[in-house]
Amino acid sequence: MRIATTSCLCPFLVCLCFVQRCYGTSHHSSIKVTKNQTKHIEGETEVHHRPKRGWVWNQFFVLEEHIGPDPQYVGKLHSNSDKGDGSVSYILTGEGAGTIFIINEITGDIHATKSLDREKKTHYVLHAQAIDRRTNKPLEPESEFIIKVQDINDNAPKFPDGPFIASVPEMSEVGTSVLQVTATDADDPTYGNSARVVYSILQGQPYFSVDPKTGVIRTALSNMDREAREQYSVVIQAKDMAGQVGGLSGSTTINITLTDVNDNPPKFPQKNYQLYVPESAQVGKAVGKIKANDDDIGINAEIKYSITNGDGVSVFAISTDKDTREGIISLKRQLNYEKKKSYTLHIEGANTHLDPRFLHLGPFKDTTTLKIIIGDVDEPPAFSIDSYVMNVSENARIGTEVGTVTAQDPDSASSAIRYFIDRSLHGDKYFNIDANTGAIKTAKKLDREEMPWHNISVIASEVDNPSLLSHVSVMVQVLDVNDNPPELASDGDVVVCENSRPGQVIQTIRAVDKDDFANGPRFHFSLTTDLPSNPNFTLKDNEDNTASIFARRRKFSRTTQDLYHLPIVISDGGEPNLSSTSTLTLRVCACEHNGKVRTCHAEAFLSSAGLSTGALIAILLCVIILLAIVVLFITLRRSKKEPLIISEEDVRENVVTYDDEGGGEEDTEAFDIIALRNPAAAEELKFRRDVRPEVQRVPRQSPPSVLDNVDVQEFIKQRLIEADLDTSVPPYDSLQTYAYEGHGSPAGSISSLDSATTHSEQDYTYLCDWGPEFQKLAELYGESDRTT
């Protein structure tokens with residue numbers, strides 16, 4: 001079975017649908033259900049046919065916001081199988097069944113128990129079924145139907161984005177669009193006029209209007225002037241039910257601002273202005289202001305000022321202050337009251353941004369006249385030039401005149417001028433100045449090499465008004481005189497390789513001169529003529545302010561002579577020319593084949609035999625060690641003549657010498673080790689027989705009485721402590737032997753008995769990699785290998 005919602009398939013159903021559509025909204029709906037049966041012919045098998053639709057109805061409707069005391073009747077369900085005997089039971093399931101919608105199981109009447117809101121939920125989907133009470137079996141298949149919530153006008157229009165802010169240019173034409181507002185209504189727009197909104201203006205007339213259908217706000221008055229009124233508040237109302245009586249309404253506010261356009265030209269408040277400027281005003285500084293008024297704002301009120309005419313165009317300038325829109329008058333040249341006492345300027349102020357629509361309101365500029373009166377000021381003296389440059393020779397005598405500075409009083413009453421040097425800046429007092437004439441003279445001896453330039457500041461003041469001062473800078477250049485002889489420019493000793501050849505360039509030398517270039521180069525180099533010809537070196541003047549030192553013989557030896565001194569005469573090209581003799585030191589060094597210096601230190605006398613410094617040091621150490629052994633042996637031999645102890649029982653301090661290595665502790669024939677393990681034999685205090693102590697003797701610490709199991713090492717440590725604390729012994733060393741071998745040595749044997757190589761088998765080429773110290777040794781062994 002299916003539900004027929006929009007069309008009927010048979011005339012009867014068409015009539016039924018028509019009746020339902022006509023009376024469904026105003027009367028209670030009644031739904032008929034027909035029973036479909038399948039016929040069986042006797043003697044034939046059961047044939048299954050498609051059952052006919054038994055549920056036929058349209059949608060149910062229920063009004064929203066029902067506030068009656070009784071539940072609202074929705075409709076009725078009825079099945080053709082229902083004979084009215086109560087054997088059929090109707091069941092309702094789906095959205096809201098049992099809570100919002102209830103059904104009478106016997107009659108099939110449906111009621112709404114709660115007030116519904118269409119804006120929250122527009123329809124409910126439910127399922128109906130007819131069941132036989134006796135068999136509890138469905139009489140019809142379950143069918144679906146819809147209960148729609150019918151709208152009423154219960155929501156007023158709203159402006160969700162309000163209040164609004166808008167703007168429109170001033171002087172706009174009538175009908176210029178300002179803003180469009182849109183109101184929303186939550187009611188059903190497809191049913192009736194509940195959601196049909198029209199717009200009207202409540203406040204803002206006659207300046208603005210609103211389109212009743214679209215909500216577009218437009219200007220309604222021409223030539224609205226921002227300068228007269230800038231802000232407008234417009235209230236727009238939206239009313240549903242197409243604006244009919246009884247409809248709901250909502251409103252919003254739109255704040256409209258008129259934006260500025262350039263419709264006002266600038267105006268000077270006065271046509272004539274007067275300005276006083278003292279003649280002491282500084283060039284480049286502002287001396288006055290002038291302003292034209294403009295009722296516009298922003299860029300429409302920007303003004304550019306200019307001087308269009310007048311006798312002060314070359315003396316004054318005008319610019320615009322962007323913040324205050326004032327014309328700033330500044331000084332281009334220094335004023336002089338004595339030459340000109342007033343100036344007249346014609347100043348124009350014009351807008352920089354014009355609107356072609358309002359050019360007929362112009363012209364957008366204005367002019368005024370400015371008269372500038374110059375004030376007389378007592379001015380300080382003025383020097384003839386801004387700065388002075390003077391020259392003086394460095395050998396000039398004290399009191400020599402260098403130059404003269406001059407200054408005058410620019411005022412009409414010419415006052416006398418006095419000069420003096422500002423010592424606060426230059427306290428060296430190299431120069432003096434005549435207070436009346438301004439003549440500058442030397443006060444000290446000058447030295448160009450010490451200070452080639454002197455910068456002094458001269459002050460001029462009026463005699464009548466000493467507080468008025470003027471400063472001028474005077475640069476004095478000290479001219480050079482050839483008073484410094486040239487000197488040899490040397491960074492250190494010159495190196496001469498031992499393997500140098502005759503004619504080989506040893507070094508290229510140059511000279512320096514403290515004097516100026518005119519009295520310095522060119523330099524001339526030569527050897528002294530007072531000494532005989534040098535057999536080792538010669539000098540050649542390269543005539544380019546350098547000279548070259550050449551070797552005159554082959555090979556030099558550090559052992560024979562490691563330093564050479566070569567006197568060189570240097571003269572300059574000044575007038576008169578000066579010369580000096582400088583001594584060049586040449587050091588003989590051992591060099592590689594490529595000329596790289598290997599060493600410059602003189603080696604010992606055995607260096608000719610090929611022994612390096614390290615080898616010589618090793619030999620000297622061996623000799624010293626042998627001498628120390630011999631001295632020790634002789635000392636021991638002499639000490640045997642006289643016993644060192646008084647008691648013969650204490651055998652631990654005897655020196656017993658054997659010429660064999662012995663067998664350790666097991667060798668009892670060489671020495672009885674038990675004597676060392678018996679500390680009881682040394683309990684008594686013993687005195688040395690070879691010296692008599694002169695001071696009170698400090699008693700020794702008596703060793704503890706220990707049996708023969710005392711370790712020899714602990715015993716030796718105890719004896720060592722006693723020997724250190726004994727102050728009665730003479731101030732020389734004594735030898736004590738305890739025959740304790742210890743626990744062994746981690747070092748290997750240094751004996752050559754186990755060496756399997758011979759001298760002839762040894763390769764000494766690795767000595768070349770040990771550095772320059774072993775170079776000579778490598779050469780000697782290399783030569784011996786070649787000779788063998």
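Everything quoted here is computed from the prediction, not taken from an experiment. (Residues numbered from 1 in each chain as written. Predicted model: local features only at pLDDT ≥ 70, side-chain atom pairs only at ≥ 80, totals over all residues. Heavy atoms only, no water.)

(A) View of the sheet that holds strand 24 (residues 365–375). Taken together, four strands build an open sheet; the order of strands is 18-24-23-20 and the sheet is mixed. In this open sheet, the two strands that pair with only one neighbour each are strand 18 (272–278) and strand 20 (303–310). Along the sheet, successive strands turn relative to each other by an average axial angle of 30 degrees, direction set aside. One ladder, built from seven bridges, connects strand 20 with strand 23 (residues 342–351); its direction is antiparallel. When the sheet's bridge partners are listed, Ser 306 is paired in strand 23 with Glu 348. (Pairing = 2+ DSSP bridges. Helix = DSSP H or I, 4+ residues; strand = E, 2+ residues; numbered from the N terminus. Axes fitted to C-alpha atoms, helices over the stretch in contact; angles between N-to-C directions.)

(B) Expanded view of the UniProt feature "transmembrane region" (unreviewed entry) in the chain. Within this structure's numbering, the places UniProt gives as "transmembrane region" (unreviewed entry) are residues 615–636. Taken end to end, residues 615–636 has its terminal C-alpha atoms 32 Å apart, with 100% of it in helix and 0% in strand. (UniProt positions renumbered as here; feature names shortened; annotations may be inferred.)

(C) Inspection of the environment of Ser 414 at higher detail. Among the structural elements, Ser 414 can be located in the loop between strand 28 (407–408) and strand 29 (417–421). Taking the relative accessible area as the measure of exposure, Ser 414 reaches 60% and is therefore exposed. Separated by 48 residues in the primary sequence, Ser 414 and Glu 462 place their C-alpha atoms 9.1 Å from one another. (Buried < 20%, exposed > 50% of the residue type's maximum accessible area, 1.4 Å probe, protein only.)

(D) Representation of the environment of Gly 243 within the structure. Within the secondary structure, Gly 243 is located in the loop between strand 16 (231–239) and strand 17 (249–259). Expressed as a C-alpha distance, the spacing of Gly 243 and Val 197, which sit 46 residues apart in the sequence, is 7.0 Å.

(E) Inspection of the state of the cysteines at higher detail. Tallying each qualifying case throughout the model produces one disulfide. Between the sulfur atoms of Cys 497 and its disulfide partner Cys 591 the distance amounts to 2.1 Å. Between Cys 497 and Cys 591, the disulfide has an S-S torsion of -85 degrees and is therefore left-handed. In this pair, Cys 497 sits in strand 35 (residues 494–497) while Cys 591 sits in strand 41 (residues 579–591), placing the two residues 94 residues apart along the sequence. (Disulfide = S-S within 2.5 Å.)

(F) A look at the nonpolar core. In terms of nonpolar packing, the biggest core is built from 23 residues, with Phe 383, Val 405, Tyr 419, Phe 431, Ile 440, Val 458 and Val 474 touching the most fellow members. For this core, the element with the most residues is strand 33 (residues 469–479), which contributes four residues. If we ignore the near neighbours within four places in the chain, the residues touching Phe 383 are Tyr 388, Val 405, Thr 406, Ala 407, Tyr 419, Val 458, Ile 459, Ala 460, Ser 470, His 471 and Val 472. Of all hydrophobic cores here, the second largest spans 22 residues; its members include Val 277, Ala 292, Ile 303 and Ile 374. (Core = buried A, V, L, I, M, F, W, Y, C linked by side-chain atoms within 4.5 Å. Contact = heavy atoms within 4.5 Å.)

(G) A look at the packing of aromatic side chains. Evaluated as defined, the whole model comprises 10 aromatic pairs. Ring geometry for Phe 268 against Tyr 305: centres 6.3 Å apart, planes inclined by 55 degrees, an arrangement best described as tilted. Residue Phe 268 is located in the loop between strand 17 and strand 18, and its partner Tyr 305 is located in strand 20; the two are separated by 37 residues in the primary sequence. Residues Phe 268 and Tyr 305 agree in their burial class; the two are buried. (Phe/Tyr/Trp six-rings, centres within 6.5 Å; stacked < 30°, edge-to-face > 60°.)

(H) Here's a closer look at helix 3 (residues 712–725). Across its 14 residues, helix 3 extends 20 Å between first and last C-alpha, which sits within 8% of the 20 Å expected from 1.5 Å per residue. Residues of helix 3 that are buried include every one of Val 712, Phe 715, Ile 716, Arg 719 and Glu 722, and no others. The buried residues of helix 3 occupy an angular sector of 125 degrees when projected down its axis, which confines them to one face. Exposed and facing more than 90 degrees away from the buried side of helix 3 are Leu 720 and Asp 724. (Expected span 1.5 Å × (residues − 1). Arc of directions from axis to C-beta.)

(I) Molecular detail of the sheet that holds strand 19 (residues 286–290). Taken in spatial order, the three strands of this open sheet run 19-22-21, and their pairing is antiparallel. Looking at the sheet topology across the chains shown, the edges are occupied by strand 19 and strand 21 (316–320). Neighbour-to-neighbour, the strand axes of the sheet open up by a mean angle of 25 degrees, direction not taken into account. Alignment of strand 21 against strand 22 (residues 327–331), held across five bridges, turns out to be antiparallel. Bridging from a neighbouring strand, Phe 316 pairs with Leu 331 of strand 22.

(J) Molecular detail of the pattern of salt bridges. Evaluated as defined, the whole model comprises 12 salt bridges. Across the pair Lys 121 and Glu 95 runs a salt bridge, and its minimum N-O distance is 3.6 Å. Pair noted here: Lys 121 is in the loop between strand 8 (109–112) and strand 9 (123–132) and Glu 95 is in the loop between strand 6 (88–94) and strand 7 (101–103), with a separation of 26 residues, a long-range link. Taking relative accessible area as the criterion, Glu 95 reaches 34% and is therefore assigned partly exposed. With its nearest N and O atoms 3.3 Å apart, the salt bridge here joins Arg 448 to Glu 449. Classification of Glu 449 by relative accessible area gives partly exposed; the value is 24%. Salt bridges sharing partners connect three or more residues here, namely Arg 226, Glu 227 and Asp 260. (Salt bridge = Lys/Arg side-chain N within 4 Å of Asp/Glu carboxyl O.)

(K) Broad picture of the confidence of the model for the chain. Model confidence for the chain is summarised by a mean pLDDT of 77, while 73% of its residues fall at 70 or above. Ranking the elements of the chain by mean pLDDT puts helix 1 (residues 11–23) last, at 33, and strand 15 (residues 216–219) first, at 96. Confidence drops under a pLDDT of 50 for residues 1–57, and excluding neighbours within four residues, the segment shows 90 contacts in the predicted structure. In this model, residues 751–760 is a region of pLDDT below 50 whose contacts with residues beyond four sequence positions or in other chains number three contacts. (pLDDT = per-residue confidence, 0-100.)

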